[in-house]
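As a plain string of letters, each chain reads:
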Amino acid sequence: MKNFLKLLLGGSLLVLGNIAMAQYPTRPVKIVVPATAGDGSDLLARSLAKSLGDALGQPFVVDNKPGAGGSIGANTVAKATADGYTLFLANGSSHGVTPGLYAKLPYDSVQDFSPIALIATAPNLLVVNASMGLRSYADFVRLARQQPGKITIASAGSGSLSHLSAELLKSSAGLDLLHVPYKGAAPALTDLMGNQVQSIIINIPTVLPFIRSGKLKALAVTSAKRSLELPEVPTLAESGVAGYETVAWFGLLAPAHTPPDVVNKLHAQVQQALLLPEIRENLARLGAEPSGLGPREFSVYIKSEIAKYSAVIKSAAIKVD
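Residues numbered from 1 in each chain as written. Predicted model: local features only at pLDDT ≥ 70, side-chain atom pairs only at ≥ 80, totals over all residues. Heavy atoms only, no water.

K.L.:
Looking at this structure, I do not really get the overall build of the protein. What am I missing?
P.N.:
Of regular secondary structure, the protein possesses 11 helices and 10 strands. In terms of overall size, the protein behaves like a compact globule, its C-alpha atoms giving a radius of gyration of 22 Å where 321 residues would be expected to give roughly 20 Å. In terms of its C-alpha atoms, the protein occupies a principal-axis envelope of roughly 85 × 40 × 30 Å. Across the protein, contacts joining residues at least 24 apart in sequence account for 78% of those joining residues at least 6 apart. Carbon and sulfur atoms make up 56% of the accessible area of the protein, which amounts to about 14,700 Å² in all. (Helix = DSSP H or I, 4+ residues; strand = E, 2+ residues; numbered from the N terminus. Rg over C-alpha atoms; globule rule 2.2 N^0.38 Å. Contact = heavy atoms within 4.5 Å. Areas by Shrake-Rupley, 256 points an atom, 1.4 Å probe, with all protein chains shown as cover.)

K.L.:
What should I look at first to understand the pairing of strand 4 (residues 113–129) in this one?
P.N.:
For a regular strand, the rule is simple: side chains alternate between the two faces of the sheet. Counting buried residues along strand 4, 16 of its 17 residues qualify, which places the element largely inside the surrounding structure. Pairing geometry for strand 4 and strand 9 (residues 247–255), over nine bridges, is antiparallel. Note that in strand 9 the partner of alanine 120 across the bridge is phenylalanine 250. Sheet topology note: the strand 4/strand 10 (residues 289–293) ladder contains three bridges and is antiparallel. The residue bridging alanine 120 from the neighbouring strand is proline 290, located in strand 10. The sheet contact formed by strand 4 and strand 7 (residues 199–203) spans five bridges and is antiparallel. When the bridges of strand 7 are listed, asparagine 124 appears paired with asparagine 203. Pairing between strand 4 and strand 8 (residues 216–221): five bridges, direction antiparallel. For leucine 126, the partnering residue across the bridge sits in strand 8 and is alanine 220. (Buried < 20%, exposed > 50% of the residue type's maximum accessible area, 1.4 Å probe, protein only. Pairing = 2+ DSSP bridges.)

K.L.:
Explain the pattern of salt bridges here, please?
P.N.:
Close approach of charged atoms allows side chains with opposite charge to pair. For the structure shown, the criterion picks out 11 salt bridges. Here glutamate 289 ties to lysine 225 by a salt bridge, and the two come within 3.6 Å at their closest N and O atoms. With glutamate 289 in strand 10 and lysine 225 in the loop between strand 8 and strand 9, this pair connects stretches of sequence that are 64 residues apart. Owing to a relative accessible area of 15%, glutamate 289 belongs among the buried residues under this scheme. A network of salt bridges, in which partner residues are shared, links Lys30, Asp63 and Lys65. (Salt bridge = Lys/Arg side-chain N within 4 Å of Asp/Glu carboxyl O.)

K.L.:
Sorry, what's going on with the nonpolar core here?
P.N.:
Within soluble globular proteins, side chains that are nonpolar generally end up buried alongside one another. Counting residues in each nonpolar core, the largest one holds 65 residues, and the members touching the most others are Phe60, Leu87, Ile119, Leu126, Tyr137, Phe140 and Leu169. If you tally residues by element for this core, the top one is strand 4, at seven residues. Core analysis: the second largest hydrophobic core is formed by 19 residues, Ala188, Leu192, Leu208 and Ala218 among them. (Core = buried A, V, L, I, M, F, W, Y, C linked by side-chain atoms within 4.5 Å.)

K.L.:
Help me out: how do you make sense of the pairing of strand 2 (residues 60–64) in this one?
P.N.:
Pairing between strand 1 (residues 29–33) and strand 2: five bridges, direction parallel. Note on strand 2: the bridge partner recorded for isoleucine 31 is valine 62. Where the polypeptide runs from strand 1 across helix 2 (residues 40–56) and back to strand 2, its parallel neighbour, the crossover connection is right-handed. (Right-handed = clockwise from strand over helix to strand, strands pointing away.)

K.L.:
Help me understand the packing of helix 2 against helix 9 (residues 260–273) in this model?
P.N.:
The angle between the axes and the distance between the axes are what describe a pair of packed helices. One way to put it is that helix 2 packs onto helix 9 with a least axis distance of 10 Å and a crossing angle of 115°. By the angle between their axes, helix 2 is roughly perpendicular relative to helix 9. Remark: the crossing between helix 2 and helix 9 carries right-handed chirality. Contacts from Leu48, Ser51, Leu52, Ala55 and Leu56 of helix 2 reach helix 9 at Lys265, Leu266, Gln269, Val270 and Ala273. Residues that form the contact of helix 2 with helix 9 fall into these classes: seven nonpolar, two polar and one charged. (Axes fitted to C-alpha atoms, helices over the stretch in contact; angles between N-to-C directions. Parallel < 35°, antiparallel > 145°, perpendicular 65-115°, else oblique. Left-handed = near helix turned anticlockwise from the far one by under 90°. Nonpolar A, V, L, I, M, F, W, Y, C, P; charged D, E, K, R; others polar.)

K.L.:
Can you walk me through the packing of aromatic side chains in this structure?
P.N.:
In this description, a pair of aromatic rings is defined by centroid distance and the angle of the planes. Inspection of the entire model under this criterion finds six aromatic pairs. Judged by centre distance (5.7 Å) and plane angle (90°), the ring pair of tryptophan 249 and phenylalanine 298 falls under edge-to-face. Residue tryptophan 249 is found in strand 9, and its partner phenylalanine 298 is found in helix 11 (residues 295–316); the two are separated by 49 residues along the sequence. Taking relative accessible area as the criterion, tryptophan 249 reaches 0% and is therefore assigned buried. Grouping aromatic residues by their ring pairs yields a cluster made of Phe88, Tyr107 and Phe113. One residue, arginine 27, lies across the ring of tyrosine 85, its end atom 3.7 Å from the ring centre. (Phe/Tyr/Trp six-rings, centres within 6.5 Å; stacked < 30°, edge-to-face > 60°. Lys NZ or Arg CZ within 6 Å of the ring centre and 35° of its normal.)

Right, dumping it as structure tokens:
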């Protein structure tokens, strides 16, 4: 009788738990964003939060926790209760670069999270000052080989995605370029416009107006396929750098062991949100394209990104303060 009562109680709790999950969410949900308000990640999170809130009947609230390559925000979510009420808007820095860049993190970037959906990816551009007179990536390579170690390539800072994209280009194409780190993309772009540095790998929205005005020249995109914004610009892979691909990406994660029903419900709603015109308009402003990869595929994607950037960090001996 005692064992029977235990089984009955356990079964009742399981049923109640399943009912609660089916009704999820029953209270506000927090989306932790590892960026400041107004950043691209923040803007995407806020538009996604509104869509999810409208669809699921509870507020989805953005909580900005920038710093340390996204690890501050990531740690908050890794330690949160795995009930679907604390989520993380991961990106290529927090779950691509940071795991290989910092020797010790207070969490495991793979084991401590449940992937929900890869929301979108955004290619970067290899651009140069138009006054250099380069018309193609082949021209850039020719100049770099003529002046080894003298052609500069700027970045938003040591260990940034733009830095690692440059290091991957150097190693993949066998180019001797001089890396010049800045404290952010804005000052790097200012010096590129002033011809103080000669090239940079940077996101499309930041430089698109200057490309269209003729002040900067786009030589190649870093994604596996051409950008919808600049379809005339070839990829680096098309230009002869076989297998090259680096992109900015955004995805939704939950703490590890979040109930599968909650994960699947959120994934389904993200897929629906990516069909909405306002979401697509926001992605277009970021130069991004919708993805919608599910939990299993997104998990594989994260692992491949960590492996890729960890290898670049190791080979280039990149360190951060």
